[in-house]
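# Examining the three-dimensional arrangement
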Amino acid sequence: MSFLFSSRSNKTFKPKKNIPEGSHQYELLKHAEATLGSGNLRQAVMLPEGEDLNEWIAVNTVDFFNQINMLYGTITEFCTETSCSVMSAGPRYEYHWADGTNIKKPIKCSAPKYIDYLMTWVQDQLDDETLFPSKIGVPFPKNFMSVAKTILKRLFRVYAHIYHQHFDSVMQLQEEAHLNTSFKHFIFFVQEFNLIDRRELAPLQDLIEKLGSKDR
């Protein structure tokens, strides 16, 4: 949750996506923050009793977007066209961008360009009321789960890039505790609802196993 971050790291890469105060989704977000405060992340990600799964996934997806936005915002000066000429997560994994509408054929681009495309695309999905309805009683579309899965799969790639290419900078900024807590929360959430294919998680598999083993 965003409360994990110090005021020093309030620079975001893209504008923060706010959930309207007073809405049911805002109440869900507050519930999530309170549960997170207990320190038990496995419990914090579980669907609260009587709540709608789509709405729970929507609220958390918005929150992860904001967290990653903030984390990447702290290291943008180190992630440049020169230092990161390709979007990668270590030597074995390289990502090419396509969104299916504006860019149909995957293109090779630098990490800052890729992440700009990615975060702009996610923002557009989150702002689309037909995909992420914020008003009570407006149903989620039938394809909501597949859209949410694609968003989370792509957001994972930003974590993977930060860990593989910029962890030294994160440590210099003393932000590693924030990064680790945010990523652990993210991973426990996607594992709880089986939202990202295991193959997609391969670039950070060792870290994921390490984070999981600490909670057993």
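As shown above, the structure is provided for reference.
A short tour of the structure in this document, coming up. (Residues numbered from 1 in each chain as written. Predicted model: local features only at pLDDT ≥ 70, side-chain atom pairs only at ≥ 80, totals over all residues. Heavy atoms only, no water.)

## Remarks on the overall build of the chain
Within the chain, the secondary structure is distributed over seven helices and two strands. Put simply, of all contacts in the chain between residues at least 6 apart along the chain, 74% involve residues at least 24 apart. (Helix = DSSP H or I, 4+ residues; strand = E, 2+ residues; numbered from the N terminus. Contact = heavy atoms within 4.5 Å.)

## Section: helix 4 (residues 111-127)
Between its first and last C-alpha, helix 4 extends 24 Å over 17 residues, near the 24 Å set by a 1.5 Å rise per residue. By the burial criterion, the buried members of helix 4 are Ala111, Pro112, Tyr114, Ile115, Leu118, Met119, Trp121, Val122, Gln123, Gln125 and Leu126. Of the surrounding elements, those touching the buried residues of helix 4 are helix 3 (53-75), strand 1 (87-88), strand 2 (94-95) and helix 5 (144-172). (Expected span 1.5 Å × (residues − 1). Buried < 20%, exposed > 50% of the residue type's maximum accessible area, 1.4 Å probe, protein only.)

## Section: the environment of leucine 207
Among the structural elements, leucine 207 can be located in helix 7 (residues 205-213). With 44 residues separating them along the chain, leucine 207 and tyrosine 163 place their C-alpha atoms 9.6 Å apart. Residues within four places of leucine 207 in sequence aside, it is in contact with Tyr163 and Phe183.

## Regarding the side chain of threonine 74
As for its position among the elements, threonine 74 is in helix 3. What makes threonine 74 buried here is its relative accessible area of 14%. Within polar-contact distance, the side chain of threonine 74 engages the backbone oxygen of leucine 71 at 2.6 Å. (Polar contact = N/O pair within 3.5 Å; in protein donor to acceptor, adjacent residues only side chain to side chain.)

## Digging into the nonpolar core
Grouped together as the largest cluster of nonpolar side chains are 64 residues, with contacts concentrated most on Leu155, Phe156, Tyr159, Phe183 and Phe186. Of all the elements, helix 5 adds the most residues to this core, at 13 residues. Dropping the residues within four chain positions of it, phenylalanine 186 is found in contact with Phe64, Leu152, Leu155, Phe156, Tyr159 and Ile196. (Core = buried A, V, L, I, M, F, W, Y, C linked by side-chain atoms within 4.5 Å.)

## Observations regarding the pattern of salt bridges
On inspection of all chains with the given rule, the structure shows three salt bridges. Salt-bridge contacts for glutamate 94 lead to lysine 108; the nearest nitrogen and oxygen are separated by 3.7 Å. You can see glutamate 94 sitting in strand 2 and its partner lysine 108 sitting in the loop between strand 2 and helix 4, a full 14 residues away along the chain. The shortest N-O distance in the salt bridge between arginine 157 and glutamate 200 comes to 3.3 Å. A residue pair is termed long-range when its members are at least 10 positions apart, and arginine 157 in helix 5 and glutamate 200 in the loop between helix 6 (176-192) and helix 7 qualify at 43 residues. (Salt bridge = Lys/Arg side-chain N within 4 Å of Asp/Glu carboxyl O.)

## Focus: helix 3
Under the 1.5 Å per step criterion, the end-to-end length of helix 3 is 33 Å for 23 residues, consistent within 8% with the ideal 33 Å. Counted residue by residue, helix 3 has 21 buried out of 23 residues, so it is predominantly covered. Sitting at the head of helix 3, aspartate 52 places a side-chain oxygen 3.3 Å from the backbone nitrogen of asparagine 54.

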